[in-house]
Amino acid sequence: MRRFEDLIRKRQACDLYRDYSTRTGVMGAEIEIEGRTYLNFSSNDYLGLAGDPRIADAAISAIQRYGIGSGSAHLIVGHTDEHQRLEQELAQWLGTERALLFSTGYMANMGIINALIEPKGHVFEDALNHASLLDGGLLSRGRMIRWPHRDIEALRQLMQGCDPSRSLIVTDGVFSMDGDTAPLKALAELARETQTLLMIDDAHGIGVLGAQGRGCVEQAGLTFHDVPIIMGTLGKAFGVFGAFVAGSDTLIDFLVQRARTYIYTTAPPPALAAAARAALRLVVEESWRRDHLMSLIKYFRHNATALGLALGASETPIQPLLCGDSRRALMISRQLAQQGIWVTPIRPPTVPEGSARLRISLSAAHQKEHIDQLLSALSQCLRVDESVQTDKPRQQE
Ligand SMILES: *Cc1c(COP(=O)(O)O)cnc(C)c1O
């Protein structure tokens, strides 16, 4: 146990110790944690659907029809008509030939990359890609090469001499800790020029970006012909759980043969598929959620900038507030909690050394008044700790 204790103590000593709190009740703009109510700026529930009673009802009614367990893997007898319909509806919505469900986004990424990359192949990844994409690259039989964040020219250089027919370019659509988006048009252009397969992980874009909420691909004016592998999750904007990959018939057929995290695992409960179908209907029909969210993002950025806050270059619901060192991020987060506002600090190794931050995430469940409360609490905290402001000289770290 000594070696475990050492790591734990080391993390505690440099403010990198991770812990979790226990929430009670439903997800929403307000959450209850250990007996106290907080304004919630920490979820990925971008459209405010996680607590929607219509989605819960769809799940309840499916449980009454199917029971809870799927009973086996998809390829045995676990694949029900609810799973099947969800896959068809997702593909139709995204304009792809087919879609395939995975239990989680993490598993989807691991499974897709491993299935596609042969020995001697190369997986090219943006340096700030999600951990699940990086793990997929590391565990694949090929070599993973990371390109500097959003730098297409650097990627082009790195690709020289690699066999494109064995390679894969992978990027987050929206970067999960920074909220900025991939230069998808340029990536698609490079992929087309070099005849390399391109994959997007649109965990934070699906449901949120694009006029119809179809994500980064729609927002960039592209289709699955440009981005042949589109991975999305159902646990963020959809407010449910699970993930999918969408693309051509052949791609999906291939993944069914080869993706180990699809093949060797129990299919999700049919009720989850039923819930995701209900969520998809709301994502499509209630476009006011996206409109409202976008106006909240503008409102937040406008007023935060006026306060001199160090925001990143993000037009998405993920709005990081850079703090620099971990202690400062932790301290501000605690002060906000004392004022009834929950914003999770994100520290290394999740983000690079020296870039600890508060990851503020906005949701269609918020009202303008909630943003006002957040901003006023932030400006109070910053009066205590002025070094988070951009227009003041940064302290030596
Ligand atoms: C959350 C996330 C995942 C993992 O999805 P889960 O369904 O939560 O496992 C994958 N990629 C990105 C970019 C994410 O933000």
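The rules behind each value
- Residues numbered from 1 in each chain as written.
- Predicted model: local features only at pLDDT ≥ 70, side-chain atom pairs only at ≥ 80, totals over all residues.
- Heavy atoms only, no water.
- Phe/Tyr/Trp six-rings, centres within 6.5 Å; stacked < 30°, edge-to-face > 60°.
- Helix = DSSP H or I, 4+ residues; strand = E, 2+ residues; numbered from the N terminus.
- Buried < 20%, exposed > 50% of the residue type's maximum accessible area, 1.4 Å probe, protein only.
- Lys NZ or Arg CZ within 6 Å of the ring centre and 35° of its normal.
- Pairing = 2+ DSSP bridges.
- Axes fitted to C-alpha atoms, helices over the stretch in contact; angles between N-to-C directions.
- Contact = heavy atoms within 4.5 Å.
- Near = heavy atom within 4 Å.
- Polar contact = N/O pair within 3.5 Å; in protein donor to acceptor, adjacent residues only side chain to side chain.
- Areas by Shrake-Rupley, 256 points an atom, 1.4 Å probe, with all protein chains shown as cover.
- Nonpolar A, V, L, I, M, F, W, Y, C, P; charged D, E, K, R; others polar.

## Re the packing of aromatic side chains
- Under the definition given, this model contains 3 aromatic pairs.
- Centre to centre, the rings of tryptophan 93 and phenylalanine 238 are 6.0 Å apart; their planes meet at 70°, and the pair counts as edge-to-face. Linking tryptophan 93 in helix H4 (residues 81–94) with phenylalanine 238 in the loop between strand S9 (229–233) and strand S10 (243–247), this pair joins segments that are 145 residues apart in sequence.
- Seen from their ring centres, phenylalanine 102 and tyrosine 262 are 5.9 Å apart, and the 65° between their planes marks the pair as edge-to-face. Separated by 160 residues along the polypeptide, phenylalanine 102 in strand S4 (residues 98–102) and tyrosine 262 in helix H11 (residues 260–263) bring together distant segments of the chain. Each member of the pair, phenylalanine 102 together with tyrosine 262, is buried.
- Above the plane of the ring of tyrosine 299 lies lysine 368, whose end atom (NZ or CZ) is 5.0 Å from the centre.

## A closer look at the sheet that holds S4
- In spatial order, the strands read S4-S10-S9-S8-S7-S5-S6; together these 7 strands make up an open sheet with mixed pairing. Two strands bound the open sheet, and with one partner strand each, they are S4 and strand S6 (143–147). On average, each strand axis in the sheet is tilted by 20° relative to the strand beside it, whichever way the strands run.
- Across 5 bridges, S4 lies against S10 in antiparallel orientation. Within S10, the residue paired with arginine 98 across the bridge is glycine 247.
- Across the sheet, helix H5 (residues 105–116) touches S4, strand S5 (122–126), strand S7 (167–172), strand S8 (197–201), S9 and S10, and the angle it forms with S9 is around 160°.

## As for the site of the ligand
- Taken together, 13 residues sit near the ligand, with Gly105, Tyr106, Asp201, His204 and Lys236 positioned nearest.
- Tyrosine 106 is positioned with one of its backbone polar atoms (N or O) 3.0 Å from an oxygen atom of the ligand.
- Taking histidine 130, its side chain carries an N or O atom lying 3.4 Å from a nitrogen atom of the ligand.
- If the ligand stood free it would expose 380 Å²; the protein chains cover 82% of that surface.
- Top element by residues in the shell around the ligand is H5. It accounts for 3 residues.
- Looking at side-chain class alone, the shell around the ligand contains 2 nonpolar, 8 polar and 3 charged residues.

It is worth stressing that arrangement in space is one thing and function is another; only the former is reported here.
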